[in-house]
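# Summary of structural features
If you want the building blocks of each chain, they are given just below.
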Amino acid sequence: CVASNSAGVRYSSPANLYVRVRRVAPRFSIPPTSHEIMPGGNVNITCVAVGSPMPYVKWMQGAEDLTPEDDMPVGRNVLELTDVKDSANYTCVAMSSLGVIEAVAQITVKSFPKAPGTPVVTETTATSITITWDSGNPDPVSYYVIEYKSKSQDGPYQIKEDITTTRYSIGGLSPNSEYEIWVSAVNTIGQGPHSDSVVTRTGEQAPASAPRNVQGRMLSASTMIIQWEEPVEPNGQIRGYRVYYTMEPDQPVSNWQKHNVDDSLLTTVGSLLEHETYTVRVLAFTSVGDGPLSDPIQVKTQQGVPGQPMNFRAEAKSESTILLTWSPPRQDIILKYELLYKEISNKPGTPEFLKTFDPVTFFLVKDLNPNMEYVFQLAARSALGLGAPTSEVRERTLQSKPSAPPQDVKCVSTRSTAILVSWQPPPVESQNGDLEGYSVRYRGLDPEVSELKEVKDIPSSRGSRTHHLQMIDAKLSS
């Protein structure tokens, strides 16, 4: 230190000043954070480190440097990732003369779930299959999807969704049917691949339908042969059939005579009484139980007469015609068919009609009444006689317009511009169908007021009907 004035200069004693340099090893003030992104997404990872001296900061992926050596920033480094397809770990490295530190950020790319393990069948019934499976995914899934399909039927796969457990029972299946089943997992990205399939078969059940096209004919005066076709819905392996027959069809089937048949589609029944009519029904059975009985057929114990016509059907074609169709009896020579029919009516003495015609497989019955139900029976005739008739078949002709007007029409003037019209429906036999409504037409008798007017769509109901004609010109009521 120097002091000076007019008298001179004076120097102090010397003093020493020591400066201590602060040295701090690097540390992360903002460490990198992990991210979960969608496939093809973008993300920025920020890494900030401090120290004294300030460290350099770089990014690495494994052993690969992502930051150029000659462009390494101090203190802060932002890694910009674009169109990321795969998950990876990225390492932020901060370094100075006092040391090197690292921090890892994990970038997870969301992906579709993996395929679950192959389903395992744990239980089957006639209409259900229960399966379990391994998730096959280390990460949680949102739910599972089951797809299944019957191997015996063409058509789309059936799908069960929103299944949150690894066990499920698929119901509503067909008995004794083979199914192929797959499982897939769904997460927030979407549905993953299917598992390997499992193929299994549902259990048996009693047949759901009766044997088809049951037909009977006589082999001799006391022996008949019955033949049929398999049920449409056997629901399992048919183990055999039961043939029931009787001369008293009004009795319960349990009282009929029974003939068991091992897995065959025909049988003979002997020791029958001659010149009688037997009613026959057939059922199929599986290991689980009996199916339903077929429709009854009749067989006459008269050798050489034809069997019943098969598949006898009736279909209304118009208000006055009904078409009848059938299949001829097997192995019989038919000379004529005889058709017996009548109208179903409460009137006493309703006539029956008999039509005889050459061998055909259809017949159009004409000149019938509209909207009336008829009952039909058909029998085949050979040179040796008339066979048993079919069971009764019923059909109603189509509706037609009424053939008679409403009855007891009355008009009452309620005021100067209104008339109350009332009536009764046409006779029942003339309605020819269900009445849907009425219309009322009117006009004045005065020549100056000759315009015809009409009120339509008046609802129909039982009993008498009424309608108020409003705002009628006063001249009409004069």
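Per an unreviewed UniProt entry, the protein chain is named protein-tyrosine-phosphatase, and its organism is Laticauda laticaudata. One UniProt comment on the protein chain, placed under Subcellular location (unreviewed entry), says "Membrane".

Pairing is antiparallel in the open sheet, where three strands are placed in the order β18-β19-β22. Pairing within the sheet leaves two strands with one partner each, and these edge strands are β18 (212-218) and β22 (266-269). When the angles between neighbouring strand axes are averaged without regard to direction, this sheet yields 20°. In this sheet, β22 lies alongside strand β19 (residues 224-229) in antiparallel orientation, the contact comprising four bridges. Within β22, the residue paired with M224 across the bridge is V269.

For the rest of this paragraph, the subject is a nonpolar patch on the surface. A grouping of V2, V9 and Y11 is seen on the molecular surface, where their side chains present a nonpolar patch of about 340 Å² in accessible area. Along the chain, V9 turns up in strand β2 (residues 8-11).

Next up on the list: the environment of T188. Residue placement: T188 occurs in the loop between β16 (178-186) and β17 (198-201). The sequence separation of T188 and A63 amounts to 125 residues, and the corresponding C-alpha distance is 33 Å. In this structure T188 touches K110 and S142, once residues within four positions along its chain are discounted.

The next subject is the pairing of strand β6 (residues 56-61). Bridging between β6 and strand β9 (residues 88-96) involves five bridges; their strand directions are antiparallel. Across the sheet, the residue bridging to W59 is C92, located in β9. Once β6 ends, the chain turns through two residues before running back antiparallel as strand β7 (residues 64-65), passing G62 with a positive phi of about 65°.

The residues that UniProt annotates with the feature "domain: Fibronectin type-III" (unreviewed entry) are residues 115-205, 210-304, 308-400 and 405-478. Between the end C-alpha atoms of residues 115-205 the distance is 34 Å, and the span holds 0% helix and 44% strand. Helix makes up 0% of residues 210-304 and strand 45%, and the two end C-alpha atoms of the span are 28 Å apart.

Before going further, it helps to examine the UniProt feature "domain: Ig-like" (unreviewed entry) in the protein chain. The positions UniProt marks with the feature "domain: Ig-like" (unreviewed entry) are residues 26-108. Segment residues 26-108 splits into 0% helix and 67% strand. End C-alpha atoms: 28 Å apart.

For the rest of this paragraph, the subject is the state of the cysteines. Tallied over the entire structure, the rule returns one disulfide. Paired by a disulfide, C47 and C92 hold their sulfur atoms 1.9 Å apart. Measuring the twist about the S-S bond at about -85°, one finds the C47-C92 disulfide to be left-handed. You can see C47 sitting in strand β5 (residues 41-52) and its partner C92 sitting in strand β9, a full 45 residues away along the chain. You can call C92 buried: its relative accessible area is 0%.

Here the structure, examined in full by the defined rule, presents 14 aromatic pairs. Ring geometry for F312 against W326: centres 6.3 Å apart, planes inclined by 65°, an arrangement best described as edge-to-face. In this pair, F312 is assigned in strand β25 (residues 310-316) and W326 in strand β26 (residues 322-327), connecting sequence segments 14 residues apart. Each member of the pair, F312 as well as W326, is classed as buried. Over the face of the ring belonging to F285 we find R242, whose NZ or CZ atom lies 4.1 Å from the ring centre.

Our next topic: the sheet that holds β7. Strand order in the open sheet formed by five strands is β4-β10-β9-β6-β7, and the pairing between neighbours is mixed. The sheet terminates laterally at β4 (35-37) and β7, the two strands that pair on one side only. Of the pairings in the sheet, the one linking β9 to strand β10 (residues 99-109) comprises nine bridges and is antiparallel in character. In the sheet register, V93 faces β10, and the bridge partner there is E102.

Bringing the environment of K300 into the picture now. With respect to the helices and strands, K300 occurs in strand β24 (residues 297-300). On the basis of relative accessible area, K300 is assigned to the partly exposed category, the value being 26%. Distance in space between the C-alpha atoms of K300 and D134 is 65 Å, their sequence separation being 166 residues. Beyond its immediate stretch of four places on either side in the chain, K300 contacts M218, E276, T277, V305, L386, G387 and A388.

Conventions adopted
- Residues numbered from 1 in each chain as written.
- Predicted model: local features only at pLDDT ≥ 70, side-chain atom pairs only at ≥ 80, totals over all residues.
- Heavy atoms only, no water.
- UniProt positions renumbered as here; feature names shortened; annotations may be inferred.
- Pairing = 2+ DSSP bridges.
- Helix = DSSP H or I, 4+ residues; strand = E, 2+ residues; numbered from the N terminus.
- Axes fitted to C-alpha atoms, helices over the stretch in contact; angles between N-to-C directions.
- Patch = residues over 30% accessible without salt bridge, like charges linked within 9 Å, V, L, I, M, F, W, Y side chains within 5 Å.
- Areas by Shrake-Rupley, 256 points an atom, 1.4 Å probe, with all protein chains shown as cover.
- Salt bridge = Lys/Arg side-chain N within 4 Å of Asp/Glu carboxyl O.
- Contact = heavy atoms within 4.5 Å.
- Disulfide = S-S within 2.5 Å.
- Buried < 20%, exposed > 50% of the residue type's maximum accessible area, 1.4 Å probe, protein only.
- Phe/Tyr/Trp six-rings, centres within 6.5 Å; stacked < 30°, edge-to-face > 60°.
- Lys NZ or Arg CZ within 6 Å of the ring centre and 35° of its normal.

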